[in-house]
Amino acid sequence: MFENKESEKTPLGQLGEFGLIDKLTNKFKAKNTETIKAIGDDAAVLDFQDNKCVVSTDLLIEGVHFNLSYMPLKHLGYKAVVVNLSDIYAMNAMATQITVSIAVSNRFPLEALEELYEGINLACKLYNVDLVGGDTSTSQTGLIISVTAIGKVKEENLAYRDGAKENDLLVVSGDLGAAYMGLQVLERENEVFKVNPKNQPDLSPYSYIIERQLKPEARKDIVNLLAELEVHPTSMIDISDGLSSEILHLCEKSEVGCNLYEEKIPLDPTVISVCEEFNLDSTLVALSGGEDYELLFTISQKEFPKIKGNPNLTVVGHITAKSEGAHLVSRNNSKIPITAQGWNPFAKA
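Because the structure is a prediction, the values reported are computed rather than measured. (Residues numbered from 1 in each chain as written. Predicted model: local features only at pLDDT ≥ 70, side-chain atom pairs only at ≥ 80, totals over all residues. Heavy atoms only, no water.)

The next point concerns the sheet that holds strand β7 (residues 169-173). Pairing within the open sheet is mixed, and its 7 strands lie in the order β8-β10-β7-β11-β9-β12-β13. In this open sheet, the two strands that pair with only one neighbour each are β8 (235-239) and β13 (335-337). Each strand of the sheet is rotated relative to its neighbour by a mean of 25°, with strand direction disregarded. Strand direction decides the pairing type here: strand β9 (residues 257-261) and strand β12 (residues 326-329), joined by 4 bridges, are parallel. Paired with leucine 260 across the strands is leucine 328, a residue of β12. Contacts from helix α6 (residues 220-229) reach β7, β8, β10 (294-299) and β11 (313-320) within the one sheet, and its direction differs from that of β10 by about 25°. (Pairing = 2+ DSSP bridges. Helix = DSSP H or I, 4+ residues; strand = E, 2+ residues; numbered from the N terminus. Axes fitted to C-alpha atoms, helices over the stretch in contact; angles between N-to-C directions. Contact = heavy atoms within 4.5 Å.)

So, in structure tokens, the structure goes:
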């Protein structure tokens with residue numbers, strides 16, 4: 001799990017809970033004016049004045065959400081923050097603070113957790129958020145990470161899942177399916193490694209999709225872009241469980257239907273080629289893969305000229321009446337009902 005097998009490891013019991021917290025968080029400095037009091041007291045103190053406060057939280061559990069055989073701890077720390085910030089941006093809001101709680105088994109020395117927190121700190125710096133609290137505990141089942149993200153937004157700019165209207169355009173940022181295909185490559189090479197530990201795979205042809213899996217980015221830039229273009233999303237969600245699942249969430253909450261056009265779904269060339277390598281359908285991967293953390297949103301047709309030709313955004317469909325249902329319009333122009341085939345954490349293996 002660690003590169004230098006000979007380096008000295010510091011047992012966590014040597015520090016105690018408060019010593020560990022201080023050791024892991026002493027490099028974090030508050031940057032946002034809303035942060036009145038961060039780490040160091042019984043609770044953080046935040047002041048949002050005229051803004052609405054938005055809050056979201058997620059769990060990442062070893063063996064369920066990540067595999068330390070190929071997930072570097074620094075990348076894991078970074079990803080743990082980013083996947084939570086994505087939920088804030090999906091409200092058309094700006095993230096400002098996070099709390100991080102971890103439960104660890106005694107197989108993790110201090111140096112491992114310092115590496116994890118290096119990734120957390122990097123994400124905080126790049127996304128301009130403050131670490132304002134959290135908790136540490138012991139675990140009998142490996143590593144568990146819980147991140148809560150806090151953000152702010154003017155009430156008139158909030159984007160919920162329930163605001164889509166008939167004839168609105170369905171828009172997605174970036175491209176889809178890369179994170180899932182990156183996971184497929186990592187899982188395949190991990191199985192090869194188990195059989196032959198001396199095998200060192202050449203992953204350079206897969207660098208884009210592997211990075212999308214190990215070090216995803218939240219689309220803060222899209223929220224800023226929409227503000228600059230004066231585009232007002234009528235509904236919004238982030239794509240964490242697959243495009244099909246997220247579209248159905250918007251349709252259900254907004255009580256509408258939709259037509260999604262297969263030929264419009266944005267795919268990176270690497271995704272297409274690796275799908276062929278794995279004998280997978282690239283459209284199905286985009287619909288059901290998950291962990292892309294792109295933004296899916298709807299806008300009024302009158303705002304289309306504002307986004308037309310923008311390389312960051314793709315119109316993939318439009319909203320219809322609820323009675324028409326949610327459909328994928330295939331390349332041969334047949335209509336296929338959209339079903340939620342994204343990741344289900346409670347599904348039986």
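Residues Leu76, Leu85, Ile98, Val100, Leu116, Ile145 and Phe297 are the most contacted members of the largest nonpolar core, which totals 66 residues. Counting residues per element, this core draws most heavily on helix α2 (residues 73-89), which supplies 9 residues. When neighbours within four sequence positions are excluded, valine 100 is seen to be in contact with Tyr117, Ile120, Leu131, Gly133, Gly134, Asp135, Ile145, Ser146 and Val147. Core analysis: the next-biggest nonpolar cluster, separate from the first, contains 22 residues, Leu170, Ile237, Leu328 and Ile338 among them. (Core = buried A, V, L, I, M, F, W, Y, C linked by side-chain atoms within 4.5 Å. Buried < 20%, exposed > 50% of the residue type's maximum accessible area, 1.4 Å probe, protein only.)

What follows concerns the packing of aromatic side chains. Under the defined criterion, the tally for this structure stands at 1 aromatic pair. Residue placement shows lysine 215 over the ring face of tyrosine 78; its charged tip is 4.3 Å from the ring centre. (Phe/Tyr/Trp six-rings, centres within 6.5 Å; stacked < 30°, edge-to-face > 60°. Lys NZ or Arg CZ within 6 Å of the ring centre and 35° of its normal.)

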